[in-house]
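# Examination of the molecular architecture
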Amino acid sequence: MSASWWRGAVLYEIYVRSFCDSNGDGVGDLEGVTSKLPYLSDLGVDAIWITPFYKSPMCDFGYDVADYRAVDPLFGDLEDFRRLVREAHEMGLKVIIDQVWSHTSDQHTWFRESRADKTNDKSDWYVWADANPDGTPPNNWLSLFGGSAWMWDTRRRQYYLHNFLAEQPDLNFHCPDVQNALLDVAKFWFELGVDGFRLDVCNLYFHNQSLASNPVYKPGQTDPNPHVWQYHQFCRSQPENFGFLKKLRETANAHGGKILLGEIIDDGGADLLLEYTEGDDHLHMAYSFDLLREDKDSAFLNKTLRSFYDPGKGWPCWAIGNHDAPRVATRWGDEPKQLRVYAALQMALRGNPCVYQGEELGLPQATLRQDQIVDPVGVAMWPDDPGRDGCRTPMPWARDKKNAGFSSADETWLPVAAGHAELDAQSQRKDPESLFNFYKSLLALRKTQPVLRDGAIEIMDAPTGVVAFRRRNQTASLICAFNLSSEPVSLAMTEDAELLAKGLSTDAALLDGALRLGPWSFAFAKIA
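Our subject in this report is the structure included herewith. Keep in mind that what you see is a predicted model, and the values were worked out from it rather than measured.

### Some points on the pairing of strand E16 (residues 477-483)
Within E16, 7 of the 7 residues are buried, which leaves it mostly tucked inside the rest of the structure. Burial along E16 is two-sided: the face carrying Ser477, Ile479, Ala481 and Asn483 and the face carrying Leu478, Cys480 and Phe482 are both buried. Remark: 4 residues form the turn of the hairpin made by strand E15 (residues 466-472) and E16, two consecutive strands paired antiparallel. Relative to strand E21 (residues 522-527), E16 runs antiparallel, the two sharing 5 bridges. Across the sheet, the residue bridging to Leu478 is Lys526, located in E21.

Shown next as structure tokens:
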């Protein structure tokens, strides 16, 4: 692939613990990922994003890293990782790995040294602050997992910041040594052959050193997690972030043009994401949680897409599912036509579609009993918030095998969800009418129509229930229209056109100067 391979590429997120278990211990691993690379190549994705597999006490299932350069024995070893990268590249698949840098595990040697006293070499590698005169935390900042973002440490007689679990202390990016240490981590993995990083919560790297309290976001909030009651003005999205990302981009460029995909969690919406991806000296692409919400109607989608595309800058990555959000089949609708129209919409957008494992099979959200919950969010907030386990259950590979082919273990780390075995990959690959083969056809269409990868986009005015836009480059113009309702609709056409990929959407037609769409259908109309 060329140096610009990433632009418009389709990514596939692999949650390692739940993808494929090769050694029968009930937990997915790197060798299991390698064994399924032919499946991903057949599907037609361009790159895989692998969630953390580093040494970790697993308080947050790998997002609490104890050693950035070591593979946790649960997942294999460095040789397993090298083999994965080598075989992926042989199949033409790029490999992107998670880097979790806003915080470490409290078991990391850096934190153990930092917390020992106030004078050691790493004393300022984490965010430490004195208590208020009455002993309370220095401000009102809240953890994303509930409660104060500050934890008292008796050794230092100070509080340390943790935007997530107390076992995940935040690194102090205002310390130059921290930045240099992480840039060295980047070089280590780049030299092992990875093609890029997915940067976990990369707008949380810096905090405002004034430690001012955050203002109220909206009065009268009732969400069970008080974290959303604040406008996070001082604990995230600080201007210093851009300086570090520029250094990281320079490091990535110096190692053959590696790719940076950022996760943005903020109150500001599209503007911040576009700012982080504008130009060529920060992130290549970034995704937000805008399409990971419950909202799904055409009015919301049109408003969201306009906010990203009207400025005409930046490069979004579009995820409609991931390991932190309820499954799209449960959030937005599990009828076959619904799943197809949302998949088609995602694949037609300007940017990078990112498919979360199992979306191509139509997996719904799993419902687990309280005693089966292991996610710290669900453990703390049950039953109002059952946590993220419901989208993390094992991938069903073959209905006729133990644990649907995920593992030979008697017990898996999360149970195979009820009903998932009947949606197994093995059966769907054989069925030409399956959702898997629909995704496969969509991805093939994206490759045969370069305008879907690199073309500009213009959101069109459309009837209620419809999302429509034009994709255009120097050689082609394509109108993409999606009926997200249970009623037939017509979209007036002022130009001669022909329908592309008619077999993908059989309930669409060009008649009497109009594009007619049946309920929950879509069409790609190429302008003559």
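Read on, since the account is not over.
### Considerations on the side chain of Asn483
Positionally, Asn483 belongs in strand E16. For Asn483, a relative accessible area of 0% corresponds to the buried category. Separated by 2.9 Å, the side chain of Asn483 and the backbone oxygen of Gly518 make a polar contact. Excluding residues that lie within four positions of it along the chain, Asn483 makes contacts with Val341, Gly465, Val466, Pro488, Val489, Leu517, Gly518, Pro519, Trp520 and Ser521.

### Here's the deal with the sheet that holds strand E18 (residues 497-500)
Taken in spatial order, the 5 strands make up an open sheet running E14-E15-E16-E21-E18, and their pairing is antiparallel. Of all the strands in the sheet, just strand E14 (456-459) and E18 have a single pairing partner and so form its edges. The sheet shows a mean angle of 25° between the axes of neighbouring strands, taken without regard to direction. Against the sheet, helix H8 (residues 298-309) contacts E14 and E15, and its axis sits at roughly 30° relative to E15.

### What to know about the environment of Arg7
Relative to the assigned elements, Arg7 resides in the segment before strand E1 (11-14). Under the relative-accessibility criterion, Arg7 is labelled partly exposed at 35%. Once the C-alpha coordinates of Arg7 and Trp315 are considered, the two residues, 308 residues apart in sequence, prove to be 8.6 Å apart.

### Quick notes on the pattern of salt bridges
Applying the stated rule across the entire model yields 25 salt bridges. Close ionic contact of Asp507 with Lys337 constitutes a salt bridge, the shortest N to O distance being 3.8 Å. Here Asp507 is found in the loop between E18 and strand E19 (508-511), whereas its partner Lys337 is found in helix H10 (residues 336-348), with 170 residues between them in sequence. A residue is classified by how much of its surface remains accessible, and Lys337, at 44% relative accessible area, is partly exposed.

### What to know about the packing of aromatic side chains
For any pair of aromatic rings, geometry is given as the distance between the ring centres together with the angle between the planes. Within the structure shown, the criterion is met by 41 aromatic pairs. On the basis of an interplanar angle of 90° and a centroid distance of 5.1 Å, the ring pair of Phe188 and Trp189 is categorised as edge-to-face. In this structure Trp189 comes out as buried when scored by relative accessible area, which is 0%. Every member of this aromatic cluster is reached through a ring pair, and the members are Trp101, Phe173, Phe190, Phe197, Tyr205, Phe206 and Phe244.

Calculation criteria
- Residues numbered from 1 in each chain as written.
- Predicted model: local features only at pLDDT ≥ 70, side-chain atom pairs only at ≥ 80, totals over all residues.
- Heavy atoms only, no water.
- Buried < 20%, exposed > 50% of the residue type's maximum accessible area, 1.4 Å probe, protein only.
- Helix = DSSP H or I, 4+ residues; strand = E, 2+ residues; numbered from the N terminus.
- Pairing = 2+ DSSP bridges.
- Polar contact = N/O pair within 3.5 Å; in protein donor to acceptor, adjacent residues only side chain to side chain.
- Contact = heavy atoms within 4.5 Å.
- Axes fitted to C-alpha atoms, helices over the stretch in contact; angles between N-to-C directions.
- Salt bridge = Lys/Arg side-chain N within 4 Å of Asp/Glu carboxyl O.
- Phe/Tyr/Trp six-rings, centres within 6.5 Å; stacked < 30°, edge-to-face > 60°.

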